[in-house]
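Examining the three-dimensional arrangement
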Amino acid sequence: MAKTGVLIEIENTKVKETSLGVMTAAAGQEIYALVLGKDGPAVKDALAEYGAAHVVSIIGDIGASPDLTAQALAGAVKEYQLDALLGTAGATGRDLFARLAVILDEPLVSDCVAVNISDKTAKKSHFSGKTFATLKVDASVFLCTLRPNTIDPSPAPCSCDVLEFAADVTGPGRVRIVETRQAKEGGPDLTEAPVVITGGRAIKAAENYSMLDECARKLGAAVGASRAAVDAGFAPHTMQVGQTGKTVSPKLYIACGVSGAVQHFAGMKTSKVIVAVNEDKDAPIFSKCDYGIVGDIFDVIPALTEKL
Ligand SMILES: Cc1cc2nc3c(=O)[nH]c(=O)nc-3n(C[C@H](O)[C@H](O)[C@H](O)COP(=O)(O)OP(=O)(O)OC[C@H]3O[C@@H](n4cnc5c(N)ncnc54)[C@H](O)[C@@H]3O)c2cc1C
């Protein structure tokens, strides 16, 4: 059994479901659930339910800079002699794990869709999702981030203790957080959302995204855009899904008026269920989706919202 750390992310006092998925990826190992800050005891039961043997609260003056947070994590890796550390390849994980890899001088495999901790192997999507590669890592500490939502959380109850690790870090870090802004009030983060609804060029105008926003609220979804919609000025680039936008891997992806170009698929191909709405029955997206609705998005989406 490898001593495996999992970086836990907490939102609104609850452990994010994406972190529970990473816990499931580490099942069978001795799991150290690493919580940044004092909330370890508060989330102990939730983490024990998903296999944590130890919940570690990492305390100290670490939140002011991602540099300091990464140093604190490196300290915890050494303190508990972890063989591996896993996290989510979201905004926080991407930033912290890259810094951590430099501090520990270890390789990092990021944005993986599967992992085998005992073999130190991880599976990654390559060439815009056309192939998958299994990478074997030669490392003392196996550092790996997993694409959000690729692994469904599965309970594995475990007896668990709570530890506190006082990080020995001194500021200021090289990066200082000046301000944190929410991209869109209330909605989930696009890269981590369990459901994503995307509007393509067919949306025709920026204000028409309100139709998708309304449907998204019913579904707890994030709203995305194709590059054609972004290039036309209907949506900001932060909403773009695809090769030159964000990679998403939700449980449900609803593409509205998106033709299904390979560059768009590169960013959502690993979604569990893909639904397409397009008025052209020959649109390429229909050959790549699980469910297709031939129809006008301006009829279908309001009807769906009403039904929901
Ligand atoms: C290097 C490179 C990188 C790229 N990166 C990305 C990327 O990151 N993301 C990305 O999305 N694209 C990317 N592209 C662009 C990509 O090739 C496509 O041009 C783009 O995805 C098309 O967007 P779209 O499907 O919204 O528009 P279109 O291809 O114009 O398709 C619109 C679809 O809407 C349907 N439609 C129209 N009106 C309605 C209606 N009322 N109801 C229902 N259906 C309707 C049409 O039948 C059509 O299928 C990239 C291209 C290159 C070369």
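What counts, and at which threshold
- Residues numbered from 1 in each chain as written.
- Predicted model: local features only at pLDDT ≥ 70, side-chain atom pairs only at ≥ 80, totals over all residues.
- Heavy atoms only, no water.
- Helix = DSSP H or I, 4+ residues; strand = E, 2+ residues; numbered from the N terminus.
- Rg over C-alpha atoms; globule rule 2.2 N^0.38 Å.
- Buried < 20%, exposed > 50% of the residue type's maximum accessible area, 1.4 Å probe, protein only.
- Contact = heavy atoms within 4.5 Å.
- Areas by Shrake-Rupley, 256 points an atom, 1.4 Å probe, with all protein chains shown as cover.
- Lys, Arg positive; Asp, Glu negative; His and termini not counted.
- Charge placed at Lys NZ, Arg CZ, Asp CG, Glu CD.
- Axes fitted to C-alpha atoms, helices over the stretch in contact; angles between N-to-C directions.
- Parallel < 35°, antiparallel > 145°, perpendicular 65-115°, else oblique.
- Left-handed = near helix turned anticlockwise from the far one by under 90°.
- Nonpolar A, V, L, I, M, F, W, Y, C, P; charged D, E, K, R; others polar.
- Domains from an automatic or database assignment.
- Buried area = accessible area lost by both parts, 1.4 Å probe.
- Salt bridge = Lys/Arg side-chain N within 4 Å of Asp/Glu carboxyl O.
- Patch = residues over 30% accessible without salt bridge, like charges linked within 9 Å, V, L, I, M, F, W, Y side chains within 5 Å.
- Near = heavy atom within 4 Å.
- Polar contact = N/O pair within 3.5 Å; in protein donor to acceptor, adjacent residues only side chain to side chain.
- Pairing = 2+ DSSP bridges.
- Right-handed = clockwise from strand over helix to strand, strands pointing away.

1. Thoughts on the overall build of the protein chain
- Assigned secondary structure in the protein chain consists of 8 helices and 17 strands.
- Taking 2.2 N^0.38 as the reference for a compact globule, 308 residues should give roughly 19 Å; the C-alpha atoms of the protein chain span a radius of gyration of 20 Å, in line with that estimate.
- Within the protein chain, buried positions represent 50% of all 308 residues.
- For the protein chain, the share of sequence-separated contacts (at least 6 apart) that also reach a separation of at least 24 residues comes to 66%.
- Total accessible area computed for the protein chain in this model is approximately 14,800 Å², and 50% of it derives from carbon and sulfur atoms.
- A gap of 5 Å separates the mean positions of the 30 positive and 36 negative side-chain charges of the protein chain.

2. As for the packing of helix H3 (residues 66–79) against helix H4 (residues 91–104)
- Running from N to C, H3 and H4 point in directions that differ by 60°, and their axes come no closer than 9 Å. In terms of axis orientation, H3 runs oblique to H4. Like other packed secondary-structure pairs, H3 and H4 cross with a definite hand, here right-handed. Contacts between H3 and H4 involve Pro-66, Asp-67, Thr-69, Ala-70, Gln-71, Leu-73, Ala-74, Val-77 and Lys-78 from the former and Asp-95, Leu-96, Arg-99, Leu-100, Ile-103 and Leu-104 from the latter.
- Here the contact of H3 with H4 is composed, by residue class, of 9 nonpolar, 2 polar and 4 charged.

3. Overview of the domain arrangement of the protein chain
- Partitioning the protein chain into structural domains gives domain 1 (3–166) and domain 2 (195–307).
- Distance between the C-alpha centres of domain 1 and domain 2: 31 Å.
- Between domain 1 and domain 2, the contact holds 13 residues from the first and 10 residues from the second.
- Buried area between domain 1 and domain 2, both sides added, is near 910 Å², and the carbon and sulfur share of it is 49%.
- Ranking the residues of domain 1 by area buried against domain 2 places Ser-128, Arg-147 and Asn-149 at the top, with a combined share of 49%.
- In this assembly, domain 1 and domain 2 are joined by 2 salt bridges.
- A salt bridge links Glu-17 to Lys-251; the shortest N-O distance between them is 2.8 Å.

4. Brief notes about a negative patch on the surface
- A cluster of acidic residues, Glu-279, Asp-280, Asp-296 and Asp-299, forms a negative patch at the surface.
- For Asp-299, a relative accessible area of 55% puts it in the exposed group.

5. Side note on the site of the ligand
- Within the structure, the ligand sits among 25 residues, and Arg-201, Ser-226, Thr-244, Ser-259 and Gln-263 are positioned closest to it.
- Separating an oxygen atom of the ligand from a side-chain N or O atom of Ser-226 is a distance of 2.5 Å.
- In the model, a nitrogen atom of the ligand is placed 2.9 Å from a nitrogen or oxygen of the Ile-297 main chain.
- Alone, the ligand offers 990 Å² of accessible surface; in the complex the protein occludes 76% of this.
- Secondary structure elements with two or more residues in the shell around the ligand: helix H6 (227–231), helix H7 (262–265) and helix H8 (297–307).
- The residue makeup of the shell around the ligand, split by class, is 7 nonpolar, 13 polar and 5 charged.

6. Some thoughts on the pairing of strand E14 (residues 222–225)
- Judged by which residues are buried, E14 turns out to be covered on both faces: Ala-222 and Gly-224 on one side and Val-223 and Ala-225 on the other are all buried.
- Note: strand E13 (residues 195–199) against E14, 4 bridges, orientation parallel. Directly across from Val-196, in E14, lies its bridge partner Ala-222.
- For the segment spanning E13, helix H5 (residues 209–219) and E14, crossover handedness is right-handed.

7. Overview of H5
- For H5, every residue scored as buried is listed here: Tyr-209, Met-211, Leu-212, Asp-213, Cys-215 and Ala-216.
- Downstream of H5 by a residue or two, Gly-220 has a phi angle that is positive, lying close to 65°.

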